[in-house]
Amino acid sequence: MTEKAAKPRIVILGGGIAGIRAARKLANEAVDVLIIDHNNYQVFQPLLYQVATSMLSADEVIYPIRSFFRSASNVNFLLAEIEGIDAAAQTVRTDQGDIGYDHLIIALGSTPNFFGSKSIEENSLPLKTLVDSIEIRSHVLKVFEEASRETDAAKRKALLTFVFVGAGPIGVEGSGGLSELIYDVFQKEYHTIDFSEVEIHLIGADPGVLMMMPEKLRDETVRVLEKKKVAVQCSMMVTDYDGETLRYKPFSAPKDAPLQEIKTRTVVWAAGVRPVDCLDGLDVQKDRGRRIIVDDTMHAIGFENVYAAGDCSSFTPPEDERPLPTLAPVALAEGDVAAANILHKLKGEPLEHLDYKSKGVMAIIGNSEAVMSAGPLVGRGFLAWSAWLWIHLLTKAGFHANVSVTFKWFFNYLFGTRLGRMITR
Ligand SMILES: Cc1cc2nc3c(=O)[nH]c(=O)nc-3n(C[C@H](O)[C@H](O)[C@H](O)COP(=O)(O)OP(=O)(O)OC[C@H]3O[C@@H](n4cnc5c(N)ncnc54)[C@H](O)[C@@H]3O)c2cc1C
């Protein structure tokens, strides 16, 4: 497995947004490319909450990695778990053996951050992978089935109480989507449940929801969520969750203040991400969040042939104090620059420099409800919602799936259909 090919060998770790963008740039060039991922598909994470809330099916939010490269015989794929990287030996350690490289692009994304709480890690439901979204879908459907036959009032109340922790886009989109599933669909079908017993909470650590949005859009988001019967609480520190009771308190509360409690069987954890564990042993410069520090050519500092792109990398533009956010457009731009610079280097050309300009941010809150902000332009309601749908459809890979996604969105808009309601776990 460590034998070197005649052409320079580029190994890309991770077939996500950044990794696939880099590989597409290297397709049909005079290099051998190997993508390594433990999944054989790329996930379009912005639509995962729609799988979790039964709007879309799992196959509609992924694209098989090999299908991207049907007409690029220089790009190959290895299904493997990456265990570590030895930059000095130019080797990647995987459960399928060691893989040597000439140039390495690390695009391993991120994993949920439970901030050291074992109880939260063991008992909450993260929303990060395709499997997570299927897990949440099954869990929500199961607790409703259980609630429909539960005669003990306290147990039924806990089954019908849902908490999202993290008031960024994932928490807002997830709680808004769940509210529609419950009140627009389940309420017509679960005839033995009293829906006044249902509670949906969104709890965040920041002083507001969607902190990257201007204040008036944040207020609008809270207004829409409250209309959807989602109770929003900000500036809260969640301390633990044992599977029955979630405990939390305001950041401003004295140390010995009693904790607030919510009895619930469902906590969706969307409170932050951190780099994946297999990067722990990699001896490169990292920021406080353990992301790999890169310069504007996407090189890991001090390494000539190691690049990092996407969520696992940390690039702080000279005019900013904070690194670029962990967002898909950033991952795309960084994957592009990393691959371009490998080609430039091989051809003896000057390197490219990342010049990322945010085109804006948006979040969907529910049917016909979204918020978007791009420089001085702000939008909300139906217009922002339509823009969100189109932009996500155009960015997502897979023509066939996109046709069925369009149909499903259309029928959901008209009739509130959520037919993907399968309990699979
Ligand atoms: C629920 C959700 C909603 C989001 N919504 C938005 C949005 O609306 N707009 C937006 O801009 N961004 C959004 N994001 C963020 C965006 O999806 C990420 O910033 C983007 O996917 C990062 O791309 P990446 O290539 O760095 O990582 P990823 O796309 O996560 O790819 C990483 C790849 O590495 C692989 N991998 C990881 N560890 C290993 C290992 N040990 N062995 C083998 N393979 C491994 C994974 O399988 C994966 O394929 C969302 C994220 C989530 C979770």
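Model, not experiment: these values are computed from the prediction.

A. Summary view of the environment of V268. In this fold, V268 is placed in strand β18 (residues 266–269). V268 sits in the buried class, given 26 other C-beta atoms within 10 Å. C-alpha of V268 to C-alpha of P169: the two residues are 99 residues apart in sequence and 13 Å apart in space. Not counting the four nearest positions on each side in its chain, V268 is found in contact with S124, L125, L127, I136, F164 and G174.

B. Quick look at the domain arrangement of the protein. Domain annotation for the protein reports domain 1 (9–112 + 274–347) and domain 2 (118–271). Averaged C-alpha coordinates put domain 1 and domain 2 at centres separated by 32 Å. Within the residue set of the side of domain 1 that touches domain 2, elements represented by two or more residues are α2 (48–52) and β10 (111–112). By residue number, the principal contributor to the side of domain 1 that touches domain 2 is α2, which donates five residues. In terms of residue class, the side of domain 1 that touches domain 2 is built from ten nonpolar, four polar and no charged.

C. Molecular detail of helix α9 (residues 328–347). A rise of 1.5 Å per residue sets the reference length of α9, with its 20 residues, at 28 Å; its end C-alpha atoms lie 29 Å apart and thus fit the reference within 8%. Buried residues in α9 make contact with β1 (9–13), α1 (17–26), β9 (103–106), β21 (306–308) and β22 (313–314). Within two residues after α9, G348 carries a phi angle of roughly 70°, on the positive side.

D. Highlighting the pairing of β9. A two-sided burial pattern is seen for β9, the buried positions comprising H103 and I105 on one face and L104 and I106 on the other. Bridging between β1 and β9 involves four bridges; their strand directions are parallel. Bridging from a neighbouring strand, L13 pairs with I106 of β9. Two strands pair when backbone bridges link them, and β9 and β21 are joined in this way by three bridges, in the parallel orientation.

E. Expanded view of the site of the ligand. Around the ligand, the surrounding shell holds 31 residues, and the nearest of these are G14, G16, Q45, G109 and G310. For the shell around the ligand, the secondary structure elements donating two or more residues are α1, α2, α7 (169–189) and α9. Considering only residue class, the shell around the ligand consists of 17 nonpolar, ten polar and four charged. Two domains each provide a minimum of three residues to the shell around the ligand, namely domain 1 (9–112 + 274–347) and domain 2 (118–271).

Conventions we followed
Residues numbered from 1 in each chain as written. Predicted model: local features only at pLDDT ≥ 70, side-chain atom pairs only at ≥ 80, totals over all residues. Helix = DSSP H or I, 4+ residues; strand = E, 2+ residues; numbered from the N terminus. Buried ≥ 20, exposed ≤ 12 C-beta atoms within 10 Å, placed from the backbone. Contact = placed C-beta atoms within 7 Å. Domains from an automatic or database assignment. Nonpolar A, V, L, I, M, F, W, Y, C, P; charged D, E, K, R; others polar. Expected span 1.5 Å × (residues − 1). Pairing = 2+ DSSP bridges. Near = placed C-beta within 6 Å.

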